[in-house]
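The lines below spell out each chain.
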Amino acid sequence: MAQTPVLEELPQSSQALRNNDRNNDGLEVLETREWLDSLDYVLSHGGPERAGRLIQQLSLHARRAAGVNLPFTATTPYQNTISVRQQAPFPGSQDMERRIKSLVRWNAMAMVVRANKEENGIGGHISTYASAANLYEVAFNHFFRARTETGDRDIVYFQGHAAPGMYARAFLEGRLPKEKLENFRRELKPGGGLSSYPHPWLMPDFWEFPTVSMGLRPLQSIYHARFIKYLENRGLKSSTGGKVWAFLGDGEMDEPESLGSITLASRERLDNLIWVINCNLQRLDGPVRGNGKIIQELEAIFRGAGWNVIKVIWGSDWDSLIQNDRDGLLVRRLGEITDGQYQKFFVESGAYFRQNLFGSDPRLLRMVEHLSDEQLSRLRLGGHDPIKVHAAYKAAVEQTGTPTLVLAKTIKGYGLGEAGEGKNITHQQKKLNDDELKMFRSRFGIPLSDEELHGAPFYRPPDDSPEIRYMQERRKQLGGYMPERKIRSKPIKQVPESQFEEFYKGTEGREVSTTMVFVRMLAKLLRDPEVGKLIVPIIPDEARTFGMEALFRQVGIYSSVGQLYEPVDMDTLLYYKEAKDGQILEEGITEAGSISSFIAAGTAYSNHGINTIPFFIYYSMFGFQRIGDLIWAAADMRARGFLLGGTAGRTTLAGEGLQHQDGHSHVLALPVPNLLAYDPAFAFEIAVIIQDGIRRMYVNGESIFYYLTVGNEPLPMPAMPDGADVRSGILKGMYLFKPSQKKDAKLRAQLFGSGAIMFEVLKAQEILESKYGVSADVWSVTSYKELYRDGNDCERWNMLHPGEKPKVPYVAQQIQGTEGVLVAASDYMKVLPESLAQWMPRPLVSLGTDGFGRSEGRAALRDFFEVDAKHIVLATLHALAREKRIESKVVNQAIKELGINPEKANPAVS
Ligand SMILES: Cc1ncc(C[n+]2csc(CCOP(=O)(O)OP(=O)(O)O)c2C)c(N)n1
Ligand SMILES: [Mg+2]
């Protein structure tokens, strides 16, 4: 950890020094004092900026003249960044705001205490909001703009565990009835309740951002702020100065996602971004940095990353102490103490504080001799002081050219007293006994008598009370209540059929990959007069892999500064074109960042009233298993758009091997309730899915999003078969693609194929018919997930409606009238087809790619995983033998003819 620089200990004036012995040390001290006196003069006559410039010039001069290299220090002394002199005056009524804050505190606490009285173990958090109350209240009363003069608004990412505070405020504002508060964490009660944390899925009119999986909120807020600049630079939104605020925990900063993209924020000069880290020095189990100083550590990191860092450490009570600390003795001492020790000070008496903090030096003791122990123990920290927090926020919103970080020092569980203030157990504290309630009540001046306290009742003064009137007026001035989620966009017009027609026709034998098909479709959509400008292609440094480089030139790569260099490939047709109004978000190698952009673009319909349609294409292996939690958050947020898993399929991605070959992303897509997942085989399937997806999400306004896998194997794309049910079948998950032409055969099979493995199934169909006399129908299964969901939906309905005509799952309807054995093959795990087995009229054989991938070519991989045509033939014959339709010797013979080694290792475990 970086050391806090301290001033040298110096006598009060140079005159005093002159009278000292003039030894060498004395001379140095004298010299230093004279320089400091001069600097004081510049400070008082020229101001801090002039003084700063002068110091820079001095350091430059020393370096030039004599190579003097100053040691690098990333931190500043352990004191407030904004001095008393620079501090903006507080504009509101401190007394009134303190009373309002106390009311919010009380109700937030009561909500948790009551919920746990009702049902032991229901959970909730008191201490997070208790420490952050002032940080929020100053913002609610003075900064959070629900609507700016220019029609924009601020975006706020609230800390998930502070949710009770936001509910309590909404209760006081009259937005949430008492009954809802009574059902905090009991959402299934009649009339509904309140979700534990911010969940737009569960409270779509209230919460905008799910923020409780820690580390995701910091990351998302950066990409959101950047996306706003993107919208502005592309002319989709006017530039209005709305801010993105994120309220974060100091413990949360240990999540790698929290710090992972902070340089993007400074590189992109995101002065619309403000982070407030509540440095209560504690996380769940104990101190964040017992042996260090989290504020100094974070300051160093963020200053190093180019952020404007504002430390709010000491409250106004400390002002005179620090101002009188001319030699920096006190600030040095404050900088020496570890966070673990500070935590001890918070819970100990004033006498302990005096003895252990100031007692290290008689001069320090003298500084506080005018204060009683009681007064000492009540010296407030910066984060609990509205004046300090207001000054910091004001500086933050006025900052230009860089993002701002406010580091506010607070006490966890502030106000809980013996019930947990500053203690290691405080995060988990959910119950207060009557004595503790009394103490809390008295400390915050809640007008409830001792008798009324039992059971921690909610308390709201009448509408016409000064407190309620004040808070309503403040919110009115700031444009309305927050948080509030609403749909701010109007539906778009349906994309015309003509955009997709070419894909219905097929390629007449020309081989193209489904990735190429998708890229061509995207290029066309980008030219569409209705949706073209709304499309947001997002790529984590993989555009060339997917053959998307033509788009660089067509629509440009977004850069907030344009292109400040002559690209090395300028003379080529598809040069790397960066532009201020570039449309592609080329994110570099960050799937987490890219999905954050996806979320920002996919929720702009509600956040900004703009129907941006994100297409995020990435290596399918680095999707669900790497950034699954962010995809889950996207689902909660009702994000719309298309995720495209490129280079998909365990055997379709040749050569790359174990780390790259994805045979399970469709399994990982199963848990996300509002995600539709497709593994299309043909161009026309992709066209049907994307066309319908845009309609459902952006014309009908459904809160769903899509996952499509696309592969890089060149294959001949057939025309869409005729038939009224083909389109609906593609969307529902399956349709009959190629019925057998061999009508007279005795042996029959139904083959299910998906993605690139469909072509192996088609080959198997031929072999079965020509060599083994089996008539096989080929079905294209586009979505096992859709079929599974529909099957369960019907099952459930049937269970709940006994005696009524049972519903028949779509998959069962399709297979019902067919004959023969059932064999499925895909480039994904066997469990996908197996998930449908219960609705199949006959046993199902499933071929899939369970196991680790290998560095190999496609043919070898498909042989290894047993999903190629010959294994599909074998599986079919085996099933026929099991049904006693053929003899096993036919199967044995086939094994030889097909060249299959029956003793080969099992790929699932090798
Ligand atoms: C990814 C993730 N891991 C763990 C948790 C569980 N958890 C909830 S709050 C908390 C401690 C939070 O500490 P801090 O970030 O300092 O916030 P504070 O409550 O102190 O303001 C933990 C570990 C979580 N919500 N998300
Ligand atoms: Mg904390």
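Being a predicted model, the structure only gives us computed values, none of them experimental.

S.K.: Which parts of the structure should I look at to understand the pattern of salt bridges?
M.R.: Side-chain pairing between opposite charges can occur once the charged atoms of the two side chains come close. Evaluated as defined, the whole model comprises 51 salt bridges. Glu182 is paired through a salt bridge with Arg114; the nearest N and O atoms lie 3.2 Å apart. With Glu182 in helix α6 (residues 178-182) and Arg114 in helix α3 (residues 94-118), this residue pair connects regions lying 68 residues apart in the sequence. The partly exposed category is assigned to Glu182, whose relative accessible area is 32%.

S.K.: Is there a simple way to think about the coordination of the magnesium ion (ligand 2) in this case?
M.R.: Coordination sphere of the magnesium ion (ligand 2), protein contribution only: Asp250 (OD), Asn280 (OD1) and Gln282 (O), at 2.0 to 2.1 Å. Motif for the magnesium ion (ligand 2), donor spacing along one chain: D-x29-N-x1-Q. On the basis of relative accessibility, which here comes to 5%, the residue Asn280 falls in the buried class.

S.K.: Sorry, what's going on with the sheet that holds strand β12 (residues 642-646) here?
M.R.: In a beta sheet, neighbouring strands are held together by backbone hydrogen bonds and run either parallel or antiparallel to one another. One open sheet accounts for 6 strands, arranged β10-β7-β11-β12-β14-β13; its pairing is parallel. A single partner strand is all that each edge strand has here, and the edge strands are β10 (585-586) and β13 (675-678). Here 4 bridges tie β13 to strand β14 (residues 705-709), and the two strands are oriented parallel to one another. Across the sheet, residue Ala677 finds its bridge partner in β14, namely Tyr707. Lying on the sheet, helix α22 (residues 514-526) is in contact with β7 (535-539), β11 (613-619) and β12; it crosses β7 at an angle near 145°. On top of the sheet, helix α24 (residues 591-602) reaches β7, β10, β11, β12 and β14; it is set at about 165° to β11, its chief contact.

S.K.: Just to check I follow, could you spell out the site of ligand 1 for this structure?
M.R.: Around ligand 1, the structure places 17 residues, and the nearest of them are Thr128, His161, Asp250, Gly251 and Lys412. Between an oxygen atom of ligand 1 and a side-chain N or O atom of Gln159, the distance comes to 3.0 Å. A distance of 2.8 Å is found between an oxygen atom of ligand 1 and a side-chain nitrogen or oxygen belonging to Asp250. Computed on the free molecule, ligand 1 has an accessible area of 590 Å², of which 76% lies beneath the protein chains in the complex. Split into classes, the residues belonging to the shell around ligand 1 amount to 3 nonpolar, 9 polar and 5 charged.

S.K.: I keep staring at the sheet that holds strand β19 (residues 821-825) and nothing clicks. Help me out?
M.R.: Read from one edge to the other, the open sheet built from 5 strands follows the order β16-β18-β17-β19-β20, with strand pairing classed as mixed. Only two strands of the sheet have a single neighbouring strand rather than two, namely β16 (734-738) and β20 (844-847). Taken over all neighbouring pairs, the strand axes of this sheet differ in orientation by 25° on average, direction set aside. Note that strand β17 (residues 747-753) and strand β18 (residues 774-781) share 7 bridges and pair parallel. If you follow Gly753 over to β18, its bridge partner there is Ser780.

S.K.: When you look at the packing of aromatic side chains in this model, what are you seeing that I'm missing?
M.R.: Between two aromatic rings, the relevant description is the distance of the centres plus the angle of the planes. Enumeration according to the criterion identifies 53 aromatic pairs in this entry. On the numbers, 6.0 Å between centres and 15° between planes, the contact of Phe140 with Phe158 is stacked. Linking Phe140 in helix α4 (residues 127-142) with Phe158 in the loop between β1 (155-157) and α5 (163-172), this pair joins segments that are 18 residues apart in sequence. Taking 5.6 Å as the distance between ring centres and 80° as the angle between the ring planes, the aromatic pair formed by Phe682 and Phe759 counts as edge-to-face. Note that Phe682 is positioned in the loop between β13 and α28 (683-699) and Phe759 in helix α30 (residues 758-772), a separation of 77 residues in sequence. Of note, Lys344 hangs over the ring of Tyr352, and the distance from its end group to the ring centre comes to 5.6 Å. If you follow Arg443 out to its NZ or CZ, it ends over the ring of Tyr414, 5.0 Å from the centre.

S.K.: Help me understand helix α14 (residues 350-358) in this model?
M.R.: Given 3.6 residues per turn, any residue in an α-helix points the same way as the ones three and four places further on. Among all positions in α14, only Gly350, Phe353, Arg354, Leu357 and Phe358 are buried. The buried residues of α14 occupy one face: seen down the axis, they fall within an arc of 100°. Buried positions along α14 lie against α12 (329-336), α13 (339-347), α15 (362-367) and α16 (373-377).

S.K.: Whenever I open this one, α28 confuses me. Can you help?
M.R.: With 17 residues, α28 ought to run about 24 Å at 1.5 Å a step, and its terminal C-alpha atoms sit 23 Å apart, in line with that. Counted residue by residue, α28 has 14 buried out of 17 residues, so it is predominantly covered. Just beyond α28, the residue with positive phi is Gly701, at close to 75°.

S.K.: Before we go on, may I ask you to explain the environment of Glu208 in this structure?
M.R.: Among the structural elements, Glu208 can be located in the loop between α6 and α7 (216-233). Sequence separation between Glu208 and Ser606 is 398 residues, and the spatial gap between their C-alpha atoms is 8.7 Å. The residues contacting Glu208, other than those within four sequence positions of it, are Arg153, Pro200, Glu484, Arg485, Arg488, Asn607 and Met637. In terms of polar contacts, Glu208 uses its side chain to reach the side chain of Arg153, at 2.6 Å.

S.K.: Hey, could you run me through the pairing of strand β3 (residues 273-279) in this one?
M.R.: Summarising burial for β3: 7 of the 7 residues are buried, a large majority. Here β3 shows two buried faces, one formed by Leu273, Trp275, Ile277 and Cys279 and the other by Ile274, Val276 and Asn278. Bridge analysis of strand β2 (residues 244-249) against β3 gives 6 bridges, and the strand direction is parallel. Within the sheet, the bridge partner assigned to Ala246 lies in β3 and is Trp275. Pairing of β3 with strand β5 (residues 404-409) involves 6 bridges; the strand directions are parallel. Looking at β5, one finds that Val276 is bridged to Val406.

Cut-offs applied
Residues numbered from 1 in each chain as written. Chains lettered and ligands numbered in written order. Predicted model: local features only at pLDDT ≥ 70, side-chain atom pairs only at ≥ 80, totals over all residues. Heavy atoms only, no water. Salt bridge = Lys/Arg side-chain N within 4 Å of Asp/Glu carboxyl O. Helix = DSSP H or I, 4+ residues; strand = E, 2+ residues; numbered from the N terminus. Buried < 20%, exposed > 50% of the residue type's maximum accessible area, 1.4 Å probe, protein only. Donors = N, O, S within 2.8 Å, 3.2 Å for Na, K, Ca; no water. Pairing = 2+ DSSP bridges. Contact = heavy atoms within 4.5 Å. Axes fitted to C-alpha atoms, helices over the stretch in contact; angles between N-to-C directions. Near = heavy atom within 4 Å. Polar contact = N/O pair within 3.5 Å; in protein donor to acceptor, adjacent residues only side chain to side chain. Areas by Shrake-Rupley, 256 points an atom, 1.4 Å probe, with all protein chains shown as cover. Nonpolar A, V, L, I, M, F, W, Y, C, P; charged D, E, K, R; others polar. Phe/Tyr/Trp six-rings, centres within 6.5 Å; stacked < 30°, edge-to-face > 60°. Lys NZ or Arg CZ within 6 Å of the ring centre and 35° of its normal. Arc of directions from axis to C-beta. Expected span 1.5 Å × (residues − 1).

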